[in-house]
Structures are given as structure tokens and as C-alpha cells.
Amino acid sequence: MFDPITTPVDLTTTYLGLQLKNPLVVSASPLSKKVDLVRRLEDAGAAAVVLYSLFEEQITHECHELDHFLSRATETYAEALSYFPNLKRYNLEPDSYLEHLHRVKQAVGIPVIGSLNGASPGGWVEYARKIEQAGADALELNIYYLPTDRFISSGELEENYIALVRDVRAQVGIPIALKLSPFFTSLPYMAARFVDAGADGLVLFNRFYQPDIDLETPEVVPSLALSTSQDLRLPLRWIAILYGRVAADLALTAGVHSARDVLKAMMAGASVAMLASELLANGIGRLTEILADLQAWMEEYAYESIEQMRGSMSQRAVAEPSAFERANYMKALNSFDNRLP
Ligand SMILES: Cc1cc2nc3c(=O)[nH]c(=O)nc-3n(C[C@H](O)[C@H](O)[C@H](O)COP(=O)(O)O)c2cc1C
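Residues numbered from 1 in each chain as written. Predicted model: local features only at pLDDT ≥ 70, side-chain atom pairs only at ≥ 80, totals over all residues. Heavy atoms only, no water.

Draft legend 1. Region of interest: the overall build of the protein chain. Within the protein chain one finds 12 helices and 13 strands. The buried share of the protein chain, reckoned over its 341 residues, is 47%. Partitioning the contacts of the protein chain with sequence separation of at least 6, the portion at a separation of at least 24 is 70%. Element-wise, carbon and sulfur atoms account for 54% of the exposed surface of the protein chain, whose accessible area totals about 17,500 Å². (Helix = DSSP H or I, 4+ residues; strand = E, 2+ residues; numbered from the N terminus. Buried < 20%, exposed > 50% of the residue type's maximum accessible area, 1.4 Å probe, protein only. Contact = heavy atoms within 4.5 Å. Areas by Shrake-Rupley, 256 points an atom, 1.4 Å probe, with all protein chains shown as cover.)

Draft legend 2. Highlighting a nonpolar patch on the surface. On the surface, a nonpolar cluster with roughly 380 Å² of combined accessible area is contributed by Tyr209, Leu224, Leu226 and Leu280. Residue position: leucine 226 is located in the loop between strand 11 (219-221) and helix 7 (233-242). (Patch = residues over 30% accessible without salt bridge, like charges linked within 9 Å, V, L, I, M, F, W, Y side chains within 5 Å. Salt bridge = Lys/Arg side-chain N within 4 Å of Asp/Glu carboxyl O.)

Draft legend 3. Structural view of helix 10 (residues 286-300). Between its first and last C-alpha atoms helix 10 spans 21 Å; for 15 residues at 1.5 Å apiece the expected length is 21 Å, and the two agree. Residues of helix 10 that are buried: Arg286, Leu287, Ile290, Leu291, Leu294, Trp297 and Met298. Angularly, the buried residues of helix 10 cover 135 degrees about the axis, an arc narrow enough to put them on a single face. Considering only its buried residues, helix 10 is in contact with strand 3 (24-26), helix 1 (35-44), helix 8 (259-268), strand 13 (272-275), helix 9 (277-282) and helix 11 (306-309). Phi turns positive one or two residues past the end of helix 10, at alanine 302, with a value near 55 degrees. (Expected span 1.5 Å × (residues − 1). Arc of directions from axis to C-beta.)

Draft legend 4. Spotlight on the site of the ligand. With respect to spatial proximity, 20 residues lie near the ligand, and among them Ala28, Ser53, Asn142, Ser227 and Ser277 are the closest. Within the backbone of alanine 276, a nitrogen or oxygen atom sits 2.9 Å from an oxygen atom of the ligand. Within the side chain of serine 277, one N or O atom sits 2.5 Å away from an oxygen atom of the ligand. Look at the ligand: alone it shows 610 Å² of surface, and the protein chains cover 90% of it. Each residue belonging to the shell around the ligand can be placed in one class, and the counts come to 10 nonpolar, eight polar and two charged. (Near = heavy atom within 4 Å. Polar contact = N/O pair within 3.5 Å; in protein donor to acceptor, adjacent residues only side chain to side chain. Nonpolar A, V, L, I, M, F, W, Y, C, P; charged D, E, K, R; others polar.)

Draft legend 5. Broad picture of the environment of threonine 60. You can see threonine 60 is positioned in helix 2 (residues 56-75). Using a relative accessible area of 26% as the deciding quantity, one classes threonine 60 as partly exposed. Between the C-alpha atoms of threonine 60 and tryptophan 124, which are 64 residues apart in sequence, the distance is 6.5 Å.

Draft legend 6. Seen up close, the pattern of salt bridges. One pass over the structure, following the stated rule, counts seven salt bridges. The salt bridge partner of lysine 105 is aspartate 137, with a shortest N-O separation of 2.9 Å. Residue lysine 105 is found in helix 3 (residues 77-107), and its partner aspartate 137 is found in the loop between helix 4 (126-133) and strand 7 (138-142); the two are separated by 32 residues along the sequence. Note on aspartate 137: relative accessible area 21%, which makes it partly exposed. Several salt bridges share partner residues, and in doing so they unite Glu278, Arg286 and Glu289 into one network.

Draft legend 7. Inspection of the packing of aromatic side chains at higher detail. According to the stated counting rule, one finds five aromatic pairs in the structure shown. Note on tyrosine 52 and tyrosine 97: the rings are 5.2 Å apart at their centroids and 80 degrees apart in plane angle, and the pair reads as edge-to-face. Remark: tyrosine 97 occurs in helix 3 and tyrosine 52 occurs in the loop between strand 4 (48-50) and strand 5 (54-55); sequence separation between them is 45 residues. Taken as a pair, tyrosine 52 and tyrosine 97 share a single burial class, namely buried. Aromatic side chains tryptophan 297 and tyrosine 301 sit 4.3 Å apart centroid to centroid with 20 degrees between the ring planes, which places their arrangement in the stacked category. Under the relative-accessibility criterion, tyrosine 301 is labelled partly exposed at 48%. Each member of the aromatic cluster is reached from another via a ring pair, and the members are Tyr161, Phe184 and Phe194. (Phe/Tyr/Trp six-rings, centres within 6.5 Å; stacked < 30°, edge-to-face > 60°.)

Draft legend 8. Local environment of the pairing of strand 13. Side-chain alternation along strand 13 places Val272 and Met274 on one buried face and Ala273 and Leu275 on a second face that is also buried. Judged from the three bridges that link them, strand 3 and strand 13 form a sheet pairing that is parallel. Bridged to leucine 24 within strand 13 is alanine 273. One ladder, built from three bridges, connects strand 12 (residues 249-253) with strand 13; its direction is parallel. (Pairing = 2+ DSSP bridges.)

Draft legend 9. Just the environment of alanine 177, in detail. Within the secondary structure, alanine 177 sits in strand 8 (residues 176-180). Each C-alpha atom, one on alanine 177 and one on leucine 139, is 6.2 Å from the other, the two residues being 38 residues apart in sequence.

Draft legend 10. Structural view of the environment of leucine 204. Mapping leucine 204 onto the fold places it in strand 9 (residues 201-204). Setting aside residues no more than four positions away along its own chain, leucine 204 makes contact with Leu180, Pro235, Trp238, Ile239, Leu242, Ala251, Leu252 and Thr253.

Structure, rendered in C-alpha cells:
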């Protein structure tokens with residue numbers, strides 16, 4: 001018989017083959033830009049950290065700059081020399097990411113997941129191997145592309161994504177997680193194809209930052225609003241639907257702000273719950289508080305382990321699977337009928 005007084009609850013989980021002491025993972029964000037911050041994340045209880053992303057543009061920019069300066073260098077040596085400070089500045093970007101990753105790995109004992117952000121197949125994916133060589137325990141690949149060309153079909157784009165995952169898979173031996181956008185016409189189909197192409201985990205979802213319009217300047221301005229717990233719902237539904245249907249670990253990112261959010265993520269079927277906004281807004285110490293709340297809740301409700309609750313509220317497990325589908329949509333709309341002004 002489980003006695004919470006004498007038996008501590010088991011918060012361990014596995015993600016991408018990594019044994020984690022609890023399900024709280026820090027998602028890609030500026031919180032991993034300083035070694036000292038990552039140490040503090042570990043001390044506060046983070047089970048793993050995803051490093052901020054290295055972007056395709058940073059890598060390809062480096063290559064273009066290199067070509068440009070080298071070709072000019074053959075014209076006149078003296079002129080070329082004057083370009084070197086610039087070349088050095090651009091050239092260092094991806095390499096400094098790798099150095100930083102290496103330093104972070106040496107500074108902490110928790111797993112460190114590298115992050116590569118891009119959309120097109122190409123030479124830049126060799127950075128996946130470099131990230132592995134720098135010591136990453138796993139790689140998160142964020143495939144963010146915003147199609148604006150009306151002649152590119154969804155099918156064509158999806159094939160590009162699959163080719164990209166295959167290319168990255170061919171580069172590395174470490175596990176790969178794919179951070180997805182929610183905007184696929186058939187997410188379960190694509191999720192299964194990504195897994196077939198070599199993804200070991202799926203991270204749901206990438207949050208898009210929508211530009212805004214400043215009326216007075218007038219200018220299109222970037223806008224980055226932190227999430228709230230309301231943002232949990234979208235990934236929660238999809239994790240509940242995908243759990244048990246794809247052979248991949250599922251990570252929930254977007255809207256995790258409290259122990260209750262973590263519990264929902266686990267019950268839907270996630271292996272880990274990732275956090276960025278909560279820690280950016282309310283400090284790294286929130287990890288410790290969330291872990292304590294998680295433990296207290298599990299003791300109160302007599303759960304022995306995270307494993308025991310995982311997927312217990314997934315679509316496959318609940319008595320009313322249609323609650324995750326279209327039927328629920330009508331129910332939700334009708335719920336306002338007796339609340340009219
Ligand atoms: C300031 C900031 C920077 C971020 N940088 C990255 C990044 O480099 N790569 C990435 O994949 N996601 C990045 N994200 C997205 C987060 O990893 C996370 O998926 C998203 O914020 C949703 O989680 P949250 O609700 O806990 O914030 C960033 C988010 C924020 C707020």
C-alpha cells in the first residue's frame with residue numbers, strides 16, 4: 001500500500017532515452033545564454049535544459065559572408081584585410097554557440113539539449129553533427145517556416161520538412177526531437193511521418209510571435225508576449241490525441257506556469273513539461289516552487305509516480321474520447337446559451 005508519509009512520490013521520467021529526475025525541462029530561451037544561469041536552473045530543480053537556438057540564417061549568413069570576403073580577397077589582398085574584422089564577427093556566431101554549449105555541458109550535470117532552428121534542407125544541417133560533437137545529449141530541431149508564396153503547396157512543404165529531418169538524422173547519433181508548429185492540416189499523419197523519418201520525440205508546439213502595427217510611426221513591429229496558462233490548451237489537446245498513436249516521446253511547451261499545468265501535461269501523455277515564460281516573468285526559483293507543489297498534489301491525491309499518471313487523460317484512456325474532437329466544439333459554444341446578457 002502506498003503511504004505518502006513514508007514513501008516519497010517518484011517524479012522521474014524518461015525523455016529521448018534520457019533518465020530525468022523530474023518532468024520539468026527549461027525550453028529554448030535566453031535563460032540558457034549564460035553558463036551561470038544554467039547552473040542556477042539546475043540548482044532550482046530543472047531536470048534538463050534546451051539551449052536557445054542556432055538559426056539556419058546565422059549559419060548560411062556565415063557561409064555567404066565567407067564566400068563574399070574570400071572572393072574579394074583574391075582581387076586585392078590589402079583591401080581584403082580591411083574586411084577581416086567583419087568576417088571574424090560573423091564567422092564566430094555559430095562557433096561561439098558550439099563553444100557555449102560545450103561550456104554549459106561542463107558546468108552542469110543535467111542533460112543539455114542543443115537546438116537548431118531552420119526550415120530548408122542544405123549544408124547548414126552539418127551543424128547538427130557539430131552540436132553533437134560539442135557534447136549535446138540530444139538535439140531539438142525547430143522547423144519554423146512561414147509560407148507566403150501562393151505557388152508552394154502544403155504537400156511540397158511537408159516533403160521538404162521530411163527531407164530535413166532525414167538529413168539531420170543522417171548527421172547524428174544522438175536522439176532528435178522535432179519542435180512542431182500546430183498548423184498542419186493533418187497533424188497525426190505528419191507526426192507519424194516525422195517519426196518514420198527519424199524523430200525520437202515531438203515538442204508541441206512552437207509558439208509563433210506575430211508582428212504588430214505601430215499606428216503612429218507607422219511601422220510593422222516585432223511583438224513577443226509571454227504565454228499564460230490558457231496557451232496550454234492547444235498542446236494539451238494534441239498531446240492527448242497523439243499519445244499512444246506515435247512511437248515518440250511527447251514534450252509539451254507553451255503555457256506551463258504551475259504544478260497544475262505540469263500535471264495536466266503528464267495526464268495528457270507528455271513525458272516532460274517545458275517552461276520559458278514563467279521563469280522569465282517570475283524567476284528561476286519558480287522551478288523549486290512548482291516541484292514542491294507537484295509533489296504535494298501527488299501526495300494528496302495518492303499518486304505514487306509520474307509514470308502512473310502519464311496518459312491517464314489521453315484520448316485513448318478517457319471514457320469520452322470525443323471530448324477531444326469536434327463534438328466538444330458544439331458543447332463549448334452552447335455553454336454560453338444560458339449566460340446571455
Ligand atoms: C524570449 C524567448 C526566446 C525564445 N527563444 C527560442 C529559441 O531560440 N528557440 C526555440 O525553439 N524557441 C524559443 N522560444 C520559445 C520557447 O522555447 C517556448 O517554446 C515558448 O516560449 C512556449 O513556452 P512558454 O509558454 O513556457 O513560454 C523562446 C521564447 C521566448 C519567450
